[in-house]
Amino acid sequence: MFSIDVNSFINNFITKRSESLFSCDLKDNLNTLEKSIRNKSVLVIGGAGTIGKSFIKQLLHFKPSKLVVVDTNENELTELTRDLRSEYNQYVPKIYLTYPMDFGDKLFKKILNSHGPFNIIANFAAFKHVRTEKDVFSIESMVNNNIFKASSLMNLLLDNKPEHFFCVSTDKASSPINVMGASKKLMEELIMSYSSEIKVTTARFANVAFSNGSLLAGYLKRFSSKQPISCPSNIKRFFVSPEESGQICLLACILGESGDIFFPNL
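Keep in mind it's a predicted model, so treat the numbers as computed, not measured.

The rules behind the values
Residues numbered from 1 in each chain as written. Predicted model: local features only at pLDDT ≥ 70, side-chain atom pairs only at ≥ 80, totals over all residues. Heavy atoms only, no water. Phe/Tyr/Trp six-rings, centres within 6.5 Å; stacked < 30°, edge-to-face > 60°. Helix = DSSP H or I, 4+ residues; strand = E, 2+ residues; numbered from the N terminus. Buried < 20%, exposed > 50% of the residue type's maximum accessible area, 1.4 Å probe, protein only. Pairing = 2+ DSSP bridges. Axes fitted to C-alpha atoms, helices over the stretch in contact; angles between N-to-C directions. Contact = heavy atoms within 4.5 Å. Arc of directions from axis to C-beta.

Asks: Would you explain the packing of aromatic side chains in this entry?
Replies: Each aromatic ring pair is described using two quantities: the centre-to-centre distance and the angle formed by the ring planes. Per the stated rule, a full pass over the model turns up 4 aromatic pairs. Measuring from centroid to centroid gives 6.0 Å for phenylalanine 9 and phenylalanine 210, while their planes differ by 85°, and the two rings are edge-to-face. Taken together, the residues phenylalanine 9 in helix α1 (residues 6-14) and phenylalanine 210 in the loop between β7 (207-208) and α9 (215-224) connect sequence positions 201 residues apart. Residue classification places phenylalanine 9 among the partly exposed residues on the basis of a relative accessible area of 27%. Exposure remark for phenylalanine 210: the relative accessible area of 13% places this residue in the buried category. Considering the side-chain rings of phenylalanine 124 and phenylalanine 166, the 5.8 Å spacing of their centres and the 45° angle between planes classify their relative orientation as tilted. Remark: phenylalanine 166 occurs in strand β5 (residues 164-168) and phenylalanine 124 occurs in the loop between β4 (120-123) and α7 (136-157); sequence separation between them is 42 residues. Owing to a relative accessible area of 0%, phenylalanine 166 belongs among the buried residues under this scheme.

The structure is reproduced here in structure tokens:
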């Protein structure tokens, strides 16, 4: 049975950082984060993915009173709940609800109206892999999710304005060379067009080590199944840990001014 301590491996061999890139930012802004999150209601869209899950874990340090998580992956929502309930001394609010659905679904509006308004809303529901660009139907689905559903969400929020709205982006939006990057760049511009009416922030960062669907996570499955692995050659990549991905998103969500785009300072 193949096994690896992923967190230790990331610290020692991937990021080569024993301490989070954002540890000082978290310490310096502890009071602001505490004041902005404690006893507040939070909605996380796409919260069962790697970055959404990491964001939730960082958020729960500051004890919100209500957490609603929406994701299309029913099984991963269950794993998120098991993870939170099983971790020693992990705070989980009394009002903790998960809904397996698409945020573009008509039912989502009912949830928003029933459980809102929320103080904090964070959206991690994104098509984020270039391999999704395999044909015209996949591309249409990507554009629909990353742009049109984001537009519908922003319109819904005009009647239910949160104190903080965050939507995750990607470093590939900075100078797009593919449809995925271009779709996220358009998403950025779209949500920023609402920044005069809603407090809107986003964050760009590179590869999250061992995130769902990534090459590194895939290697563990390939090794355990005794399957061949592949790796792109002559490519250097900058990685953040899953923990760091959640931290930068939380910092951007709470601390940013409307219209801000956060990215790691190297």
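From this point, things continue past the structure.
Asks: How do you make sense of the sheet that holds strand β2 (residues 66-71) when you look at a structure like this?
Replies: Hydrogen bonds along the backbone pair up the strands of a sheet, which may run parallel or antiparallel. Within the open sheet, the 7 strands sit side by side as β3-β2-β1-β4-β5-β6-β9. Their pairing is parallel. Two strands close off the open sheet at either side, each with one partner strand: β3 (95-100) and β9 (260-262). Taking the axes of each pair of neighbouring strands and ignoring which way they run, one obtains an average angle of 15° across the sheet. In this sheet, β2 lies alongside strand β1 (residues 41-45) in parallel orientation, the contact comprising 5 bridges. Bridge pairing in β2 links valine 44 to valine 69. This element, helix α10 (residues 242-255), spans β4, β5, β6 (200-203) and β9 of the sheet and lies at about 145° to β5.

Asks: How should helix α6 (residues 106-115) be read in this particular structure?
Replies: Helical geometry note: an α-helix holds 3.6 residues per turn, so side chains three or four residues apart project in the same direction. Here α6 has its buried residues at Phe108, Ile111, Leu112 and His115. One face of α6 carries all of its buried residues, which in axial projection span an arc of 100°. α6 presents Lys106, Lys110 and Ser114 as exposed residues on the side facing more than 90 degrees away from its buried surface. Those residues of α6 hidden inside the fold are in contact with β1, β2, β3, β4 and α7.

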